[in-house]
Structure formats: C-alpha cells, structure tokens
Amino acid sequence: MKLKHPYKFGKGYEKPVAYFSMEFAIDQPLKIYSGGLGFLAGSHMRSAYDLKQNVIGIGILWKYGYYDQTRKHNNEMDALWQERHYNFLEDTGIVLEVTIDNHPVKVKVFYLPPEVFGTAPIFLLSTDHPENDHLAHTITHKLYDNNIATRIAQYVVLGIGGAKLLEVLGHEVDLYHFNEAHALPAAFRLLEKLGSLDELKQKLVFTTHTPVKAGNEVNDPNLLHKLGFFNGFTIKDIEDLVGFENGMFNHTLAALRMSKIANAVSKKHCEVSRDMWGGFEDVCDIIPITNAQNKAYWVDDEIEKAYQKKNDKKFLKRKLEMKKALFELVADQTGKIFDPNVLTIVWARRFAGYKRADLIARDAERFERLLNNKKYPVQIIWAGKPYPLDHGAVSTFNWLVHFTRKFHNATILTGYELGLSALMKKGSDVWLNNPRIPLEASGTSGMTAAMNGSLNFSTNDGWILEFGEHGKNGFVIPEVDTNLPEGEQDQHDAEHMMQILEEEIVPMYYDDKAAWTTMNYQSMEDVEKYFRAARMADEYYKKLYDL
C-alpha cells in the first residue's frame, strides 16, 4: 500500500507532517483513548481534516482500549477490559517488524479513512499477529499498561513502528510531531538515517503537556536499551546525544533536546515549562499554543442557532431539552430522577488527586445546606474515569458513591467517554473545574461546555487564565497563595467556591434569567474567538511546522 493522501490540501497547509500520539479520542465507538491527551489529538485530527491539512495520524489500536468503567455490587467502580473489534477500520495488509528485547515482533497496520469520522487519515498499529508469542500480543492490549516493560515496548511500537510505516508507505514527511514523548524511539530511527542531531532537529517538533517535573517520565537507560527503545544505539551514544539526569533517561528532556521547537498547551503552562526546563542546556524553544476543541463535533446545533439569533426563549427551551436527555441517563444509571428546571452543576473529567473532585463537599454541612435549599434548589452530578491503579483517585470516586447516596439531587455516573462527555456538557448549567493551581496544564472540557451554554466555574488555571472574566462570561475562584500548605489552599478554594455559589451563581440562575442568558451568550462568543481547534491546527502550521 502506497499512501496517496485522500484530499487536496488547503492553501498554506501543504507541508507533510506525521502526528504521533498514544491515544486518539475520535468518536465514541473507537475506544483507544483515556482522557485529555486523546481528546486533544481527536480534535486536532478533525480540524486538520476540516482545513485540509497535509497531516496523517499514527497511533496504536488498543485491543482492550483503556478500560470500561463498571460498578461492583455495592455501586463502587470496577474496571473491565474487553476485546474490541471495528468493522470501519481497514486492514492494510502491511506487516512491519520491530525488535523488542532482542526478539522480532510483527506489527499489523490498520487504516481509518477520513470519511468515517471526518478526520485526517489515521494509521493504527497492532501486535495482534499470529506469528507473535503471547507476550508480544500483550504490547497493544491496554493503553498505559501498568507494567513498565510493556509500556516501553508500546513506545517502541508507536515510534519505530510508526517511522517504519512511513517508509513502507513511501510517504516522505517534513516533520514528525510528537504529542507527548511516547513516540521518542522514532527519533532514534530517524537519527540512524540522518546521521546527526542537527539534521534530526530539523525533522522533530514536540508538544509537552506536563506542568510538574515529577510528572515527566524517567527510566533506567539500561532497561530502555535492553528493550530496543534506542534503536540499536549504545547507552553511551544516547548519553552523549541528550545526556542523563542522575544516571536516568528523562523522556521529556530528551524530546526537548532533539526537537527544533516545542509547544506548551497554554500560556501559563508555557511559563511553567520554561521555568522547569530553562536551567537545562541545549533545550529547544518552548512556545504557547493553547489547546482547543473541534466545535463542529461538540456543539448542539439548536442551542447554537438560538445563541446566534440571541433568542432567549429558544435558548432556554433547548437547554431544558438537553438537560432532560442527560437526566434520562442519570435515572437509568442511578435510579434518581432529576428536575430539568433545577440548577445543575456538573464536575466531569479524569479523577486525579490535584483535580479535587470532592472539594465542593469539603464542608459537608455547608454542602448539605446548598443541596437542601428549598427556595434555590441545586443538583450536582459527578463523572470521570480514574487511572484504575490510582488508588487515591479510585477511593475518591467510591467515597462520592457512598456520600451521594443519601441525597435525591446528587449522584455520580460511570462511563465518562466521548458520548457521556457530550451529554453532560450539553445538560449542565454550570461546569465546575477546580484543580489545584498551577497543576492544570490546559484543560479543555470547559471549552466545549461553554459552546453548549454551560457556564464555567473554575479555579484560575490552564486555559481559564486566557478566557475567564468573573461575572462576565463565567465565575472564577480567586487565586490562592500557592506557598501555603495544600490543606490551607484547599480550604481557601472551598470557602470561595461555596461563597460564589451561594451569593452569585444560585441567586442569578433563579432571580435573573436575563443576566444568566446574557452571560451564556458572552461565554459562547468568547470561546468561539480563540478556543476552536481550527485556530490550534492553524497555529501548529504557522508556529511549529513552517519555521
């Protein structure tokens, strides 16, 4: 199979680029993603198609996906891994070979044509090949496998397998764009062909997502070498090339040293990244290209029409209809019937400690007063998938299961994937986002909530710093002194959150619907200006690719 790009390229988007990502959130049926990294990649591929950019995506076909979030007998969460089969993917017949732990591993290649979901062409790699042994088969079983050797093998398949795929396709690209550092072995495949770091740098660009140094992956170079991560280069070769940190290979640092340029995913994240890596030698420039989402995929057409015509009556009517659709699922999952006329707050994203899903319930008595207010009733819904071995995050999810049981107007849902995400953004009045600052690199869920007439209520972090104007297009919790102990930071944020809810959000929703609708229109206008993925995909070309 030789690749003939299936569409004519848009003006200014002719330069050929290969985009490598461990996960792509393309559409609900294709379960090869876990969270924000995949949501970004999916919106990028959709907008690349909309703009007719000369981009192809390279990823992995995860046989068991990330995991299916289910429930135990007591409603606590459980994780189910089940085989996935897709009739819309084409088996290209291409079989690649990569070397992992001195063993040859066969890699099959599947193709997602643009017309299926409206994306740039995407190739997905799989080790599900009859000539592979069981261990090799498991490499592409689970996204982010908890076994470190398996995870490194996944990077080898994505990177070296992806680079070899381009060679087999006869598809010469000017740039390899790594969405995070997972595909780094591709750089060592390229280095073998090009011969020098200077030439390699002309071919690599990199998107970094992690806002804390501890979150950047570090591994023993001996293990990486044994597993084939360095594509045959010796450990000394690699140390001379990119250096080690305390004898360890830092994946992000290596990517920054081998790339022509890198982008952070928001302006604040760019500042944080420059501070984090600025003290290291030979690191490429880091620029901000703020994450965004594909509006055509996410927005409800009816609410968009009402907003365009500034028709308050139709806007509020459609919002009620979208809330009813969400509440049907709430009733089906939890046995609780919610009222579409009641102010509905949604907290929905990956469960992780710093995202603080339970912050609103920190003062349990005050939270109960909020939920039991007869004059100004409130409903709240949580959802999100923790990493299944993040026991703290799983524990928070399960605590909320039990905590909300006694309330008729609070609940938690399972199965937070693209479909449920869209339903919750459309069916919420308030989109609650309260990460501990400055740990949210960007966050994007609030963008698509805003597109669907849901007001952001957030701590001032990530993309919100470029969007939020308190009382004008949403509500922003005042910034805390980040030098305080975490407990005091949490107390500050929880106190201000409840105060804003009690004194501003809830009364406005019930007593001043005109102001509420006006704020929604402003929010929709402001998110339209800058947070559509078409702007992001365009900036990739202008600021990363066309240098």
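The shown structure was predicted, so the numbers you read here are calculated from the model rather than taken from an experiment.

(A) Broad picture of the sheet that holds strand S8 (residues 175-179). Strand order in the open sheet made by the nine strands is S5-S6-S7-S2-S1-S8-S9-S12-S13, with mixed pairing throughout. With one partner strand each, in any of the chains shown, strand S5 (90-100) and strand S13 (285-288) form the two edges of the open sheet. With direction set aside, neighbouring strand axes in the sheet form an average angle of 25 degrees. Here eight bridges tie S5 to strand S6 (residues 103-112), and the two strands are oriented antiparallel to one another. What sits directly across from Val 95, in S6, is Lys 108. Together, strand S1 (17-20), strand S2 (55-60), S5, S6, strand S7 (122-126) and S8 form the strand contacts of helix H4 (residues 148-169), whose direction differs from that of S5 by roughly 125 degrees. Packing against the sheet, helix H10 (residues 267-277) makes contact with strand S12 (261-264) and S13, and its axis sits at approximately 165 degrees to S13.

(B) Inspection of the sheet that holds strand S16 (residues 410-413) at higher detail. Strand order in the open sheet formed by six strands is S16-S15-S14-S17-S18-S19, with parallel pairing between adjacent strands. Edge positions in the sheet fall to S16 and strand S19 (474-477), since each of these pairs with one other strand and no more. This sheet shows a mean twist of 20 degrees between the axes of neighbouring strands, independent of strand direction. With two bridges connecting them, strand S14 (residues 343-348) and strand S17 (residues 430-433) associate as parallel partners. Considered in S17, the bridge of Val 346 is made with Trp 431. In the packing of helix H13 (residues 312-334) onto the sheet, the strands contacted are S14, strand S15 (378-383) and S16, and the crossing angle to S16 comes to about 80 degrees.

(C) Examining the packing of aromatic side chains more closely. Within the structure shown, the criterion is met by 41 aromatic pairs. Relative to Phe 9, the ring of Tyr 7 has its centre 6.2 Å away and its plane inclined at 80 degrees; by these criteria the two rings are edge-to-face. Among the residues examined, Tyr 7 registers a relative accessible area of 10% and is labelled buried. Since its relative accessible area comes to 28%, Phe 9 is described here as partly exposed. When the centroid spacing of 5.9 Å and the interplanar angle of 25 degrees are considered together, the rings of Phe 39 and Trp 298 count as stacked. Here Trp 298 lies in helix H11 (residues 295-298) and Phe 39 lies in helix H1 (residues 36-50), a separation of 259 residues in the sequence. Relative accessible area serves as the criterion here: at 2%, Trp 298 is assigned to the buried category. One aromatic cluster is present, built from ring pairs that chain together Phe 188, Phe 229, Phe 230, Phe 244 and Phe 249. The cationic tip of Lys 310 hangs over the ring face of Tyr 521; the distance from NZ or CZ to the ring centre is 5.5 Å.

(D) Representation of the packing of helix H14 (residues 364-371) against helix H18 (residues 486-511) in the model. Viewed as axis vectors pointing N to C, H14 and H18 meet at an angle of 15 degrees, and their least axial separation amounts to 11 Å. In this view, H14 runs roughly parallel relative to H18, as classed from their interaxial angle. The two elements H14 and H18 meet at a crossing, and its hand is left-handed. Here Arg 366, Phe 367 and Leu 370 of H14 lie close against H18, whose contacting residues are Glu 495, Met 498, Gln 499, Leu 501, Glu 502 and Val 506.

(E) Quick look at H10. When H10 is considered as a whole, its buried residues turn out to be His 269, Cys 270, Val 272, Ser 273, Met 276 and Trp 277. Along H10, the residues classed as buried sweep out an arc of 165 degrees about the axis, all on the same side.

(F) Representation of the pairing of S13 within the structure. Pairing between S12 and S13: four bridges, direction parallel. When the sheet's bridge partners are listed, Ala 262 is paired in S13 with Ile 286. Handedness of the crossover joining S12 and S13 through H10 is recorded here as right-handed.

(G) Just the environment of Phe 233, in detail. Mapping Phe 233 onto the fold places it in the loop between helix H7 (221-227) and helix H8 (235-242). Distance in space between the C-alpha atoms of Phe 233 and Phe 188 is 7.8 Å, their sequence separation being 45 residues.

(H) Layout of the pattern of salt bridges. Scanning the model with the defined rule gives 37 salt bridges in all. Across the pair Glu 97 and Lys 106 runs a salt bridge whose closest N-O atoms are separated by 3.0 Å. Residue classification places Glu 97 among the partly exposed residues on the basis of a relative accessible area of 36%. For Lys 106, a relative accessible area of 22% puts it in the partly exposed group. For Arg 189, the salt bridge identified is with Glu 167, shortest N-O distance 2.7 Å. Highlighted residues: Arg 189 in helix H5 (residues 185-194) and Glu 167 in helix H4, separated in sequence by 22 residues. A residue is classified by how much of its surface remains accessible, and Glu 167, at 30% relative accessible area, is partly exposed.

(I) Representation of the environment of Asp 339 within the structure. By the element assignment, Asp 339 lies in the loop between H13 and S14. Since its relative accessible area comes to 33%, Asp 339 is described here as partly exposed. Along the backbone, Asp 339 and Asp 301 are 38 residues apart, and their C-alpha atoms lie at a distance of 23 Å. Those residues within four positions of Asp 339 in sequence are excluded, and the remaining contacts are Phe 327 and Gln 379. For Asp 339, the side chain forms a polar contact with the main-chain nitrogen of Asn 341, separated by 2.9 Å.

Here is what the cut-offs are and how they apply
Residues numbered from 1 in each chain as written. Predicted model: local features only at pLDDT ≥ 70, side-chain atom pairs only at ≥ 80, totals over all residues. Heavy atoms only, no water. Pairing = 2+ DSSP bridges. Helix = DSSP H or I, 4+ residues; strand = E, 2+ residues; numbered from the N terminus. Axes fitted to C-alpha atoms, helices over the stretch in contact; angles between N-to-C directions. Contact = heavy atoms within 4.5 Å. Phe/Tyr/Trp six-rings, centres within 6.5 Å; stacked < 30°, edge-to-face > 60°. Buried < 20%, exposed > 50% of the residue type's maximum accessible area, 1.4 Å probe, protein only. Lys NZ or Arg CZ within 6 Å of the ring centre and 35° of its normal. Parallel < 35°, antiparallel > 145°, perpendicular 65-115°, else oblique. Left-handed = near helix turned anticlockwise from the far one by under 90°. Arc of directions from axis to C-beta. Right-handed = clockwise from strand over helix to strand, strands pointing away. Salt bridge = Lys/Arg side-chain N within 4 Å of Asp/Glu carboxyl O. Polar contact = N/O pair within 3.5 Å; in protein donor to acceptor, adjacent residues only side chain to side chain.

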